[in-house]
Amino acid sequence: MLFIKFRRWRNIKELQINEEIRDKEVRLIDVDGSQLGVVSSKKALDIADERKLDLVKVAPNAKPPVCRIMDYGKYKYELAKKEKEAKKNQKVINVKEVRLTPSIESHDLNVKAKRAIEFLQSGDKVKVSVRFRGRELGHTDIGREVLLEFADIASEVGVIEKEPKLEGKNMVMYLVPKAE
């Protein structure tokens, strides 16, 4: 009966397993966590094969390297499960943008503020920007007033994270939802 051992392709992040371990001697740790001492890598591989498990190099930089006998498939599955659980618990914050002009009328400002309030209530950050064109760039104080009035309208649900600041031809301000 012919046994063919499949080589597993090694990624940079992956641990070395079974035949990929090229060290002469390794410190061997058993399935239950007890140390079996320093043995040759061939003997360690034989012990792992006897138990129908994998030999995994867990600490490659140690002298001698530390290898553990474990079920590698089960180990990777547990890691993936933990990663998925951690991803589930994190909150993704999107940044929505509202663009204004320095000469915006009050009704238009209220409509844009209403939209920004919706964004803030859904938990998103809002980037409010005023674009200056031509001679408007000489009157950036008007843009600052517009931004502060906008922040005043949205103050029920949001607070200013970053004060209005001129960036090129735009004046930008960030609003975040109020912490309850």
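Located above this text is the structure these notes cover.
Residues numbered from 1 in each chain as written. Predicted model: local features only at pLDDT ≥ 70, side-chain atom pairs only at ≥ 80, totals over all residues. Heavy atoms only, no water.

Topic: the sheet that holds strand β3 (residues 54-59)
Then, number 1: Pairing in this open sheet of four strands is mixed, and the strands run β2-β1-β4-β3 from one edge to the other. Across the chains shown, the open sheet's two edge strands, defined by having one partner strand only, are β2 (35-40) and β3. Between one strand axis and the next, the sheet turns by 35° as a mean value, whatever way the strands run.
Then, number 2: Helix α1 (residues 41-50) contacts β1 (25-29), β2, β3 and β4 (66-70) of the sheet and is inclined by roughly 125° relative to β2. (Pairing = 2+ DSSP bridges. Helix = DSSP H or I, 4+ residues; strand = E, 2+ residues; numbered from the N terminus. Axes fitted to C-alpha atoms, helices over the stretch in contact; angles between N-to-C directions. Contact = heavy atoms within 4.5 Å.)

Here we look at the pairing of strand β8 (residues 170-177)
Then, number 1: Most of β8 is tucked away, with six of its eight residues classed as buried.
Then, number 2: The sheet contact formed by strand β6 (residues 125-131) and β8 spans six bridges and is antiparallel. Of the residues in β8, the one forming a bridge with Lys127 is Tyr174.
Then, number 3: Here strand β7 (residues 158-167) pairs with β8 via seven bridges, running antiparallel. Bridged to Val159 within β8 is Val176.
Then, number 4: What sits between the antiparallel neighbours β7 and β8 is a turn of two residues, in which Gly168 has the positive phi angle 70°. (Buried < 20%, exposed > 50% of the residue type's maximum accessible area, 1.4 Å probe, protein only.)

Concerning unusual backbone geometry
Then, number 1: Lys63 connects to Pro64 through a cis peptide bond whose omega is -15°.
Then, number 2: Following the sequence through the fold, Pro64 ends up in the loop between β3 and β4.
Then, number 3: Residues other than glycine seldom take positive phi values, yet Asn18 does so here, at roughly 45°.
Then, number 4: Along the polypeptide, Asn18 turns up in the segment before β1.
Then, number 5: Residue classification places Asn18 among the buried positions, given a relative accessible area of 14%.
Then, number 6: Even without being a glycine, Lys52 presents a positive backbone phi close to 55°.
Then, number 7: Structurally, Lys52 can be placed in the loop between α1 and β3.

Side note on the nonpolar core
Then, number 1: Core analysis: the largest hydrophobic core is formed by 21 residues, its most contacted members being Leu100, Val126, Val128, Phe150 and Leu175.
Then, number 2: Secondary structure elements with two or more residues in this core: β5 (95-100), α3 (106-121), β6, α4 (140-153) and β8.
Then, number 3: Sort the elements by how many residues they give to this core and α3 lands first, with five residues.
Then, number 4: Among all residues touching Val128, those that are not within four sequence positions of it are Val98, Leu100, Leu147, Phe150, Met171, Val172, Met173 and Leu175.
Then, number 5: By size, the runner-up hydrophobic cluster in this structure holds 11 residues, among which are Leu28, Ala44, Ile47 and Ile69. (Core = buried A, V, L, I, M, F, W, Y, C linked by side-chain atoms within 4.5 Å.)

By themselves, these figures tell us nothing about what the structure is for.
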